[in-house]
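# Coordinate analysis (summary)
Listed below, chain by chain, are the residues.
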Amino acid sequence: MQCLLATETQTTDFAALLHKIYLLDDLNNVALNYDPMQKYLVLILTCMTFINTQCRQQSATTHKPDTLATEVAQQAFNQYAAYKEPAIRNRRFKPEDIVPLLQQLKQNPLYEVEVAGKSVEDRDIYLVKAGTGKTKVMLWSQMHGDESTATMALFDLFNFLQQSDELDTIRQQILQNTTLYMVPMLNPDGAAQFKRRNAFEIDLNRDALRLQSPEARLLKSLRDSLNPEFGFNLHDQSRYYTVGSTSKPATISFLAPAFDYAQTVDTVRGRAMRTIVGMNEALQQLAPGHVAKYSDEHEPRAFGDNIQKWGTSVILIESGGYKNDPEKQYIRQLNFASIVSALYLIAKEDYEKYQLEDYYKIPENERNLFDLVLRKVQYQEEGQTILLDVGIIRDEVDALKAPQGFYYRSSVQEIGDMSVFYGYEEINVEDLTLVPGKVYEQPFKSIDQLTAARARKLLADGYTTVRVEKLPAASANPLDLPLNVTSKSAKVNHNLRMSGGANFVLKEADGQVRYAIVNGFVYDLQDDKPALFHGIKL
Ligand SMILES: [Zn+2]
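Counting starts from 1 at the beginning of each chain's written sequence and moves along it residue by residue. Side-chain atom pairs in this predicted model are given and counted only at pLDDT of 80 or more, local residue features only at pLDDT of at least 70, and totals for whole chains, interfaces and linings cover all residues. Processing note: side-chain calculations cover all non-hydrogen atoms of the structure and skip hydrogens and water entirely.

Only runs of H or I of at least four residues qualify as helices and only runs of E of at least two qualify as strands under DSSP, and these elements are numbered from the N terminus. Helix and strand content of the chain: 13 helices and 21 strands. A sequence separation of at least 24 residues applies to 74% of the contacts in the chain between residues at least 6 apart. Entry remark: accessible area of the chain is about 24,700 Å², with carbon and sulfur atoms responsible for 51%. The contact definition used throughout considers only heavy atoms, calling two residues in contact when any of these lie within 4.5 Å. With residues, only the protein chains shown are counted as cover, and all accessible areas are computed by Shrake-Rupley using a 1.4 Å probe.

Right, dumping it as structure tokens:
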């Protein structure tokens, strides 16, 4: 009842109103013929109506929720090390990596763990239940097999819920007021290969109507049989998305999916929108300016849109990118804190206190980022010197032998005026000239001949690629070498062009090479070789 603490203006308004009642009463006393009791009742009723109106006005404009959602997120974030599941350390874990963790959960009476269904390739899909509260909440992750950030966060959540520490009040609120149904990897076949689609090559998020995949049928049947009030649809999005037109990556984007093209807001969608406003507020203190909203456009085949239509308030969480977090472990932490704060809001029904219009104030996703932007380089083309910005994207390529299961293959994806775009890494190279990397024609016997010092000398001389007599095997990528290698006879051209490789040197006016750019990585030759810098077999 914060609204009883009326402001000075309101007190004055109230006094004026009372005064009016008495004046009116004086004038009409005889005509209305009130007895003292009636007069008293009229006065009480008028006062109550006034207070009620003031309360409603205040809650619609200035009332701040008295919830501790922001504090909950902060505490969950601060204590995160105690909950982080240590068995999962990078994004490309496999279905078989989570099975022992789920078997372990079974030992704890807090959890009911069951195999709820099977994938196309007969892998188990698990359902974990916790809590005894009246509000049912369903959370499903990794419907797209290569979107694993929230799966990691769900395992952290399992650890959080079963521990006992100073956050007990929070977890008890959640466990006593909600019942959680969690599917921590809906598409295990996709996850096994770290690819988006399932084993039918169907995008499960376009199969909500036809239900041709067993994974999609499972999600639909769980939704229909449990009929949860809330659903969390947990995904990853491109790391190149920004918060509106800012330079900040959209590290977390939210959406209350629209169930029709008109983007109608009914009670069900409204609840999701209000919860998102609370989650946004909580996240803003942890990662200021890094929260965006996914496009509200309706997609009739998607699960989020349909589950919203079927009566469950759906909240989409998309984990994007963050500088120097390729394995998304910081993003996982944000995801965890955000889910805990949302569950707390739902447990206390505090989402009701947030305003719908604040949902629309969250900036939308835009795609304005590149991995690397070279600003204002000079480039010689057709005998002319032109001023260019160059945007480079580092694509992930699967590689079993690589420590994290992939390597980078980079390409040029923008050339020209990039003043409206940003890079995770940017170098302003005004006055430097971009020259295509040269190929060292005299073949080396094998890459073993290339010491670090020799490789550095080659870069300083303008070479980004060497020829070798004995090419390494196809599985050699990424090369443990700051150069690309190619065969004795392969045709290689490192000229600057769209979708071409990013292999250049940037020269000072006196012709000295300042930066070598190999496979999209920057090596400042006045400095040590960066940790992340590898060539590839071309
Ligand atoms: Zn997705």
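Any carboxyl oxygen of Asp or Glu within 4 Å of a side-chain nitrogen of Lys or Arg constitutes a salt bridge here. One pass over the structure, following the stated rule, counts 31 salt bridges. Among the ionic pairs, Glu-349 bridges to Lys-134, the shortest N-O distance being 2.9 Å. Note that Glu-349 is positioned in the loop between α11 (329-347) and α12 (356-359) and Lys-134 in the loop between β2 (124-130) and β3 (135-141), a separation of 215 residues in sequence. Notably, a salt bridge pairs Glu-201 with Lys-195, separated by 2.6 Å at the nearest N-O pair. Here's how the labels work: a residue is buried when its accessible area is under 20% of the maximum for its type, exposed when over 50%, partly exposed in between, all with a 1.4 Å probe on protein chains only. Under the relative-accessibility criterion, Glu-201 is labelled partly exposed at 46%. What you see here is one network of salt bridges that share partners, running through Arg-91, Arg-92, Glu-327, Glu-396 and Asp-398.

Structurally, the position occupied by Asn-368 is in the loop between β10 (365-367) and β11 (369-381). On the basis of relative accessible area, Asn-368 is assigned to the buried category, the value being 9%. In this structure the C-alpha to C-alpha distance between Asn-368 and Val-420, which are 52 residues apart in sequence, comes to 7.3 Å. The residues touching Asn-368, leaving out its near neighbours within four places in the chain, are Tyr-240, Thr-242, Gly-244, Ser-245, Val-420, Phe-421 and Tyr-422. Pairs of N or O atoms are called polar contacts if they sit within 3.5 Å, as long as, within protein, a hydrogen donor faces a hydrogen acceptor (for residues adjacent in sequence, only side-chain-to-side-chain pairs). At a separation of 3.2 Å, a polar atom in the side chain of Asn-368 contacts the side chain of Glu-366.

On to the coordination of the zinc ion. Bound to the zinc ion on the protein side are His-144 (ND1), Glu-147 (OE), Glu-147 (OE) and His-235 (ND1), at distances that span 2.0 to 2.7 Å. Each metal site is built from N, O and S donor atoms within 2.8 Å (3.2 Å for Na, K and Ca), and since water is not included, such sites may look incomplete. Each label reflects the angles at the metal, where four donors whose angles all fall between 85 and 135 degrees are tetrahedral, four or six donors whose opposite pairs open beyond 155 degrees and whose other angles stay between 65 and 115 are square planar or octahedral respectively, and the rest are irregular. Metal-centred angles of 54 to 153 degrees between the 4 donor atoms at the zinc ion mark the site as irregular. Each donor residue of the zinc ion lies on the same chain, and together they follow the pattern H-x2-E-x87-H. Taken together, the positions of His-144 in the loop between β3 and α5 (149-162) and His-235 in strand β5 (residues 230-236) put the pair 91 residues apart, joining distant regions of the chain.

Note on pairing: two strands pair once DSSP finds at least 2 bridges between them. Strand order in the open sheet made by the 3 strands is β16-β17-β18, with parallel pairing throughout. Taken across any chain shown, the strands that pair with only one partner, and hence form the sheet edges, are β16 (438-444) and β18 (484-486). For this sheet, the mean angle separating the axes of adjacent strands, direction not counted, is 30 degrees. Inspection of the sheet shows β16 paired to strand β17 (residues 463-468) by 4 bridges, in the parallel sense. Across the sheet, Tyr-440 pairs through a bridge with Val-466, a residue of β17. Only the stretch in contact is used when a helix axis is fitted, and all axes are lines through C-alpha atoms; the angle between N-to-C directions ranges over 0 to 180 degrees.

Note on aromatic pairs: the rings of Phe, Tyr and Trp (six-membered ring only in Trp) are paired at centre separations within 6.5 Å, and the planes decide the class, stacked below 30 degrees, edge-to-face beyond 60, tilted for the rest. On inspection of all chains with the given rule, the structure shows 17 aromatic pairs. The interplanar angle of 75 degrees and the centroid separation of 6.0 Å between the aromatic rings of Tyr-408 and Phe-521 together place this pair among those described as edge-to-face. With Tyr-408 in strand β13 (residues 406-416) and Phe-521 in strand β21 (residues 521-524), this residue pair connects regions lying 113 residues apart in the sequence. Accessibility expressed as a relative area gives 1% for Phe-521, which makes it buried.

A separate point is the pairing of strand β20 (residues 513-518). A regular strand places its side chains on the two faces of the sheet in alternate fashion. Within β20, 5 of the 6 residues are buried, which leaves the element mostly enclosed by the surrounding structure. Taken together, the 4 bridges between strand β19 (residues 504-507) and β20 define a ladder with antiparallel strand orientation. Following the sheet pairing, Phe-504 is matched in β20 by Ile-517. Between β19 and β20, which pair antiparallel and follow one another directly, the connecting turn spans 5 residues, one of which, Gly-511, has a positive phi of 95 degrees. Across 4 bridges, β20 lies against β21 in antiparallel orientation. Looking across to β21, one finds that Ile-517 is bridged to Val-522. If you look at the hairpin formed by β20 and β21, you'll find 2 residues sitting between the two strands, and Asn-519 has a positive phi there, around 50 degrees.

Our focus in this paragraph is the packing of helix α9 (residues 267-286) against α11. Running from N to C, α9 and α11 point in directions that differ by 140 degrees, and their axes come no closer than 9 Å. Accordingly, the angle class assigned to the pair α9 and α11 is oblique. Seen from above, α9 lies across α11 with right-handed handedness. Facing α9, whose interface residues are Thr-275, Gly-278, Met-279, Ala-282, Leu-283 and Leu-286, α11 presents Tyr-330, Leu-334, Ala-337, Ser-338, Ser-341, Ala-342, Leu-345 and Ile-346. Of the residues in the contact of α9 with α11, the class split is 10 nonpolar, 4 polar and no charged. Each angle gets one of four labels, with under 35 degrees taken as roughly parallel, over 145 as roughly antiparallel, 65 to 115 as roughly perpendicular, and the rest as oblique. The handedness criterion is simple: a crossing whose near helix is rotated anticlockwise from the far helix by less than a right angle is left-handed, and one whose near helix is rotated clockwise is right-handed. Throughout this entry, Asp, Glu, Lys and Arg are counted as charged residues, while Ala, Val, Leu, Ile, Met, Phe, Trp, Tyr, Cys and Pro are counted as nonpolar. The remaining residues, Gly among them, count as polar.

Moving on, we get to the pairing of strand β7 (residues 252-255). Judged by which residues are buried, β7 turns out to be covered on both faces: Ile-252 and Phe-254 on one side and Ser-253 and Leu-255 on the other are all buried. Here β7 runs beside strand β8 (residues 291-293); their pairing, made up of 3 bridges, is parallel. Paired with Ser-253 across the bridge in β8 is Ala-292. For the crossover from β7 across α9 to β8, the handedness is right-handed. Both β7 and strand β9 (residues 313-319) contribute to a ladder of 4 bridges, which runs antiparallel. Paired with Leu-255 across the two strands is Leu-316, which belongs to β9. If you view a crossover with the strands going away from you and the path from the first strand over the helix to the second runs clockwise, you call it right-handed.

Here the focus is helix α8 (residues 214-226). How far a helix is expected to stretch is found by multiplying one less than its residue total by 1.5 Å. In a regular helix each residue adds 1.5 Å, so 13 residues correspond to 18 Å; α8 covers 18 Å between its end C-alpha atoms and thus fits that length. Among the structural elements, β1 (111-118), β2, β3, β4 (178-183), α7 (188-192) and α10 (303-309) are those in contact with the buried residues of α8. Asn-227 sits one or two residues past α8 and shows a positive phi near 45 degrees.

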